[in-house]
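Remarks on the overall topology
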Amino acid sequence: MSNPKHTPGPWKGHEDGHISTADEASVSIAKVLGEEDSVFVSREQFEADIALISASPDLREALTKMWNFASIMVEKHDMNGDDTMTDEEHALWQEAGAHSNVALSKATRFR
């Protein structure tokens, strides 16, 4: 996985919907729209959107680390799915891998 090109985390969500870096510079990243912007979403959804977006850099890093670790373990223990996993475990591994790859691709590419 290439080095991130986005503004480095951690990011912080603010009550007004702004997302910024959590350092002293407090660089503005995004703005979640809510009632004050004439976008009618519940306060609960507004706050959940702020929390999810502000956690994005951490989530990307965690998923990348988990994926890298899982790949090492598969190689180290020869877990190719033939006889070390049940069919159900192999299917879950394949699904998790595919979903992780799609999510990481979405997190690293725009358009």
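A few words now on the pattern of salt bridges. The full count for this structure, using the stated rule, is 3 salt bridges. A salt bridge links Glu15 to Arg43, with the shortest nitrogen-to-oxygen separation between them at 3.0 Å. Residue Glu15 is located in the loop between strand 1 (11-13) and strand 2 (18-21), and its partner Arg43 is located in helix 1 (residues 43-54); the two are separated by 28 residues in the primary sequence. Taking relative accessible area as the criterion, Glu15 reaches 63% and is therefore assigned exposed. It is possible to trace a salt-bridge network through shared partners that takes in Glu15, Arg43 and Glu47.

Quick look at the packing of aromatic side chains now. Applying the stated criterion across every chain yields a total of 1 aromatic pair. Ring centres of Trp67 and Trp93 lie 5.6 Å apart, and the angle between their planes is 15°; on these two criteria the pair is classed as stacked. With a gap of 26 residues between them, Trp67 in helix 2 (residues 56-76) and Trp93 in helix 3 (residues 87-108) connect regions that are remote in the sequence.

In this section: the nonpolar core. When a protein is soluble and globular, its nonpolar side chains tend to lie buried together. Among the nonpolar cores identified, the biggest contains 6 residues, and these are Trp11, Ile19, Val32, Val41, Phe46 and Ile50. Among all residues touching Val32, those that are not within four sequence positions of it are Asp16, Gly17, Ile19, Asp37, Phe46, Asp49, Ile50 and Ile53.

Before going further, it helps to spend a moment on the packing of helix 2 against helix 3. Between helix 2 and helix 3, the shortest axis-to-axis distance is 11 Å and the interhelical angle comes to 140°. Judged by the inter-axis angle, helix 2 sits oblique to helix 3. When the axes of helix 2 and helix 3 are compared, the crossing they make is left-handed. Residue-level contacts link Arg60, Leu63, Thr64, Trp67, Ala70, Ser71 and Val74 of helix 2 to Trp93, Gly97, Ser100, Asn101, Ala103, Leu104, Ala107 and Thr108 of helix 3. For the contact of helix 2 with helix 3, the class distribution of residues is 8 nonpolar, 6 polar and 1 charged.

A separate point is the packing of helix 1 against helix 2. One can describe the packing of helix 1 onto helix 2 by two numbers: an axis separation of 5 Å at closest approach and a directional angle of 50°. When the axes of helix 1 and helix 2 are compared, the pair comes out oblique. Here helix 1 contributes Leu52, Ile53 and Ser54 to the contact with helix 2, which in turn contributes Ser56, Pro57 and Leu59. In terms of residue class, the contact of helix 1 with helix 2 is built from 4 nonpolar, 2 polar and no charged.

Conventions and cut-offs
- Residues numbered from 1 in each chain as written.
- Predicted model: local features only at pLDDT ≥ 70, side-chain atom pairs only at ≥ 80, totals over all residues.
- Heavy atoms only, no water.
- Salt bridge = Lys/Arg side-chain N within 4 Å of Asp/Glu carboxyl O.
- Helix = DSSP H or I, 4+ residues; strand = E, 2+ residues; numbered from the N terminus.
- Buried < 20%, exposed > 50% of the residue type's maximum accessible area, 1.4 Å probe, protein only.
- Phe/Tyr/Trp six-rings, centres within 6.5 Å; stacked < 30°, edge-to-face > 60°.
- Core = buried A, V, L, I, M, F, W, Y, C linked by side-chain atoms within 4.5 Å.
- Contact = heavy atoms within 4.5 Å.
- Axes fitted to C-alpha atoms, helices over the stretch in contact; angles between N-to-C directions.
- Parallel < 35°, antiparallel > 145°, perpendicular 65-115°, else oblique.
- Left-handed = near helix turned anticlockwise from the far one by under 90°.
- Nonpolar A, V, L, I, M, F, W, Y, C, P; charged D, E, K, R; others polar.

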